[in-house]
Amino acid sequence: MNKLVVLGSVNADHVLQVASFPRPGETLHGHSYSVIPGGKGANQAVAAARLGADIAFIACVGNDSFGINIREAFANDGINTDAVLIEENTPTGIAMIQVAATGENSICISAEANACLTPERLTPHHTLITQADTLLMQLETPVETIEAAARIAKAANTKVVLNPAPAQPLSDDLLQLIDMITPNETEAELLTGVKVVDMPSAQQAADVLHSKGIPTVMITLGSQGVWVSQQGQGEQVAGFRVEATDTTAAGDTFNGALLTGLQEGKSLNDAIRFAHAAAAISVTRLGAQTSIPHRHEVKRFLLEHC
């Protein structure tokens, strides 16, 4: 069975390049429109697969041409697609993305087929979770399914990793099932009430999450790397500075790479450095899955930046 299982979303990303984000009521001219495979779950699964993980993906796609084709693309990337389910008479999830000249992005999503990933749809695929080493999830699929999957994993001693994005409040019942959580500053503030502005405040936020039963907290801090805290002991792990073209899927690439590194037996710090390198490469490229590097590219990057 697959060592890593990702449960999450699949989206068709409709991407438009803009000079800057429009103000309310303002119309701007964009350019370079494209439709790119995305969705946080899919991005993380593809990142892990391209970087060498043994992985299965649990998701729902529409029975449109995008959904059918992306399922084939997942298989070509080496992902077990037995639980990538095709929903009849339903479009694949979509994301409308504007990318500014600074490389920052603005995103609106509509769940569509992703909303069909209910606990009932999950039932035939419990063994993927119970026989895996790790389950990685995000928050673009129904939260009741995320909690159900976490309970299945916990009962089977499968490690549960949650990337709590997009930001939303979560119950303590769900949080106490999590072994590792990977929020950014915004998501950490929503979950803890602590505004993360520096390393001491990152540790304060981590302490709140520890108090809810999460052993490992990793707060991603953009160009400053990550603040990682285990059982209340924290440290900063710096990232790599590169010229950003598009930050879409950088966090997803980081999460997929992190779990790949840990699956290989790397130490947490070495896995973070591996993930930093993968994410750094991704922000120099346009799009979501089009930006995700392969293993040989990350190894070369690390050799050049050691």
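Residues numbered from 1 in each chain as written. Predicted model: local features only at pLDDT ≥ 70, side-chain atom pairs only at ≥ 80, totals over all residues. Heavy atoms only, no water.

As recorded in an unreviewed UniProt entry, the chain goes by Ribokinase and comes from Photobacterium sanguinicancri. Here is the UniProt Catalytic activity (unreviewed entry) comment for the chain, exactly as written: "D-ribose + ATP = D-ribose 5-phosphate + ADP + H(+)". (UniProt positions renumbered as here; feature names shortened; annotations may be inferred.)

**What about the packing of aromatic side chains?**
One pass over the full model with this rule turns up two aromatic pairs. Their ring planes at 85 degrees and their centres at 5.4 Å tell us that phenylalanine 57 and phenylalanine 74 sit as a pair that is edge-to-face. Of this pair, phenylalanine 57 sits in strand E4 (residues 55-62) while phenylalanine 74 sits in helix H2 (residues 65-76), placing them 17 residues apart in sequence. A relative accessible area of 0% means that phenylalanine 57 is categorised as buried. With a relative accessible area of 1%, phenylalanine 74 lands in the buried category. Measuring from ring centre to ring centre gives 5.1 Å for phenylalanine 240 and phenylalanine 301, while their planes differ by 90 degrees; the resulting arrangement is edge-to-face. In this pair, phenylalanine 240 is assigned in the loop between strand E13 (233-237) and helix H9 (250-263) and phenylalanine 301 in helix H11 (residues 295-304), connecting sequence segments 61 residues apart. As far as the burial class goes, phenylalanine 240 and phenylalanine 301 line up, both buried. One cation-aromatic arrangement involves lysine 266 over phenylalanine 274; the distance from NZ or CZ to the ring centre is 5.2 Å. (Phe/Tyr/Trp six-rings, centres within 6.5 Å; stacked < 30°, edge-to-face > 60°. Helix = DSSP H or I, 4+ residues; strand = E, 2+ residues; numbered from the N terminus. Buried < 20%, exposed > 50% of the residue type's maximum accessible area, 1.4 Å probe, protein only. Lys NZ or Arg CZ within 6 Å of the ring centre and 35° of its normal.)

**With respect to unusual backbone geometry**
Trans peptide bonds make up the majority, and among non-glycine residues the majority have a negative phi. For the peptide bond that leads from alanine 165 to proline 166, omega is -5 degrees, which places it in the cis range. Tracing the chain through its elements places proline 166 in the loop between strand E9 (159-162) and helix H6 (172-175). A positive phi is found at glutamate 112, a non-glycine position, where the angle reads about 50 degrees. Tracing the backbone through its elements, the reader meets glutamate 112 in the loop between strand E7 (105-110) and helix H3 (119-122). You can call glutamate 112 partly exposed: its relative accessible area is 32%. One non-glycine residue with positive phi stands out, namely asparagine 157, at about 60 degrees. Among the structural elements, asparagine 157 can be located in the loop between helix H5 (143-155) and E9.

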